[in-house]
Amino acid sequence: MTGDKRSYVIGQTEIAARPLAPALYLVATPIGNLADITLRALETLASADIVACEDTRVSRVLLERYGIRRRTTAYHEHNAAEAGPKLIAALEAGQSVALISDAGTPLVSDPGYRLVGEALDHGIRVVPIPGPSAALAALTASGLPSDAFLFAGFLPVKTGQRLTKLESFRQVPATLIFFESPRRLAETLAAMAEALGGTRRAAIGRELTKAFEETRTGTLRALADHYAAADTPKGEIVICVGPAEAKADEPEDIDRLLLSLAAEMPASKAAAEAAKMTGGQKQALYRRLLELRDTAAEDSSG
């Protein structure tokens, strides 16, 4: 559907959209609850010359909800090779293009990064319009550490490839975030328990921002057992897995670290630095350093 009217509607109020400068706009859209759209996103969608959608039928629901009548075109993994150059041509001709996915932030588990790369190669401005993200919504509700996280997307379907991929994440010192199909959830959790350790804390985010939103927490083994016994869940699934626990340093490694630091700084400072690096207690490390020095002195005198 096309039209020259560039406005959006909130409640009963129609708001005129201001003109957009020519650029590729990456517009985050709701992951469930349509009220999660931002005002900036609405204005961008209402003003863009072209709205490129993962699925025009899905996006039409959002556009109609807010009275937006703009030209839409499909851009997804099956037509990116054909649709991408057409969008680049429109951008080079001075038009504005808003890229949206079916839900959430574009480029997360979709081919939008190719279009962005092509736009940058052509000297076209790329503008992010931030907003909803299923990965971040699940992370913040999981109760797991959020100071460092790694988004891993979808895992391979084949058992061997999936285990190999999970093994590569085993020692990552960050919370891991995955998307998964509800049909494979129990199987994937069992693989995670095997590859990452069954005692790892994890959280399952399901149907986030929707009417039947649920966050279930527990160890990987407990969650795997739960979903293996339960009916196949419905809706979109996000899995968050807590980071690997830091391995305790071997005493010999700590001794070498203490002696190395003590060769460059006073004993007290060396112990303080070692405490920061290992998580140990400064006083205990200081006493150990003095013991090592006494031992070294006795050996040299003997």
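What comes next concerns the included structure. (Residues numbered from 1 in each chain as written. Predicted model: local features only at pLDDT ≥ 70, side-chain atom pairs only at ≥ 80, totals over all residues. Heavy atoms only, no water.)

**Digging into the pairing of strand β8 (residues 149-154)**
Here is step 1 of the chain: In the sheet, β8 pairs with strand β9 (residues 175-180) via 5 bridges, with the strands oriented parallel. Across the sheet, the residue bridging to Phe154 is Phe179, located in β9.
Here is step 2 of the chain: As for the winding sense of the linkage, the β-α-β connection from β8 through helix α6 (residues 159-168) to β9 is right-handed. (Pairing = 2+ DSSP bridges. Helix = DSSP H or I, 4+ residues; strand = E, 2+ residues; numbered from the N terminus. Right-handed = clockwise from strand over helix to strand, strands pointing away.)

**A closer look at the environment of Ala148**
Here is step 1 of the chain: The topology assignment puts Ala148 in the loop between α5 (134-142) and β8.
Here is step 2 of the chain: For the pair formed by Ala148 and Leu62, sequence separation is 86 residues and the distance between their alpha carbons is 33 Å.

**Observations regarding the packing of α6 against helix α7 (residues 185-196)**
Here is step 1 of the chain: Packing of α6 against α7 leaves a shortest axis separation of 9 Å and a crossing angle of 45 degrees. Between α6 and α7, the crossing angle belongs to the class labelled oblique. Note on packing geometry: the crossing formed by α6 with α7 is right-handed. Taking contact as the criterion, the partners of Thr159, Arg162, Leu163, Leu166 and Glu167 in α6 are, on α7, Glu187, Thr188, Ala191, Met192, Glu194, Ala195 and Leu196. (Axes fitted to C-alpha atoms, helices over the stretch in contact; angles between N-to-C directions. Parallel < 35°, antiparallel > 145°, perpendicular 65-115°, else oblique. Left-handed = near helix turned anticlockwise from the far one by under 90°. Contact = heavy atoms within 4.5 Å.)

**Let's talk about helix α10 (residues 267-278)**
Here is step 1 of the chain: In a regular helix each residue adds 1.5 Å, so 12 residues correspond to 16 Å; α10 covers 16 Å between its end C-alpha atoms and thus fits that length.
Here is step 2 of the chain: Within α10, burial applies to Ala267, Ala270, Ala271, Ala272, Ala274 and Ala275.
Here is step 3 of the chain: With its phi angle positive at about 85 degrees, Gly279 sits one or two positions after the end of α10. (Expected span 1.5 Å × (residues − 1). Buried < 20%, exposed > 50% of the residue type's maximum accessible area, 1.4 Å probe, protein only.)

**Remarks on the packing of aromatic side chains**
Each aromatic ring pair is summarised here by two numbers: the centre-to-centre distance and the angle between the ring planes.
Here is step 1 of the chain: Under the definition given, this model contains 3 aromatic pairs.
Here is step 2 of the chain: Seen in terms of ring centroids, Phe151 and Phe179 are 4.9 Å apart; in terms of plane orientation they differ by 70 degrees. Their pairing is edge-to-face. With Phe151 in strand β8 and Phe179 in strand β9, this residue pair connects regions lying 28 residues apart in the sequence.
Here is step 3 of the chain: Here the aromatic rings of Phe169 and Phe178 are separated by 5.8 Å at their centres, their planes lie at 65 degrees, and the arrangement is edge-to-face. Phe178 carries the same exposure label as Phe169, and that label is buried.
Here is step 4 of the chain: Following the ring pairs from residue to residue traces out a cluster consisting of Phe151, Phe154 and Phe179. (Phe/Tyr/Trp six-rings, centres within 6.5 Å; stacked < 30°, edge-to-face > 60°.)

Treat this as a map of the structure, not an account of what it does.
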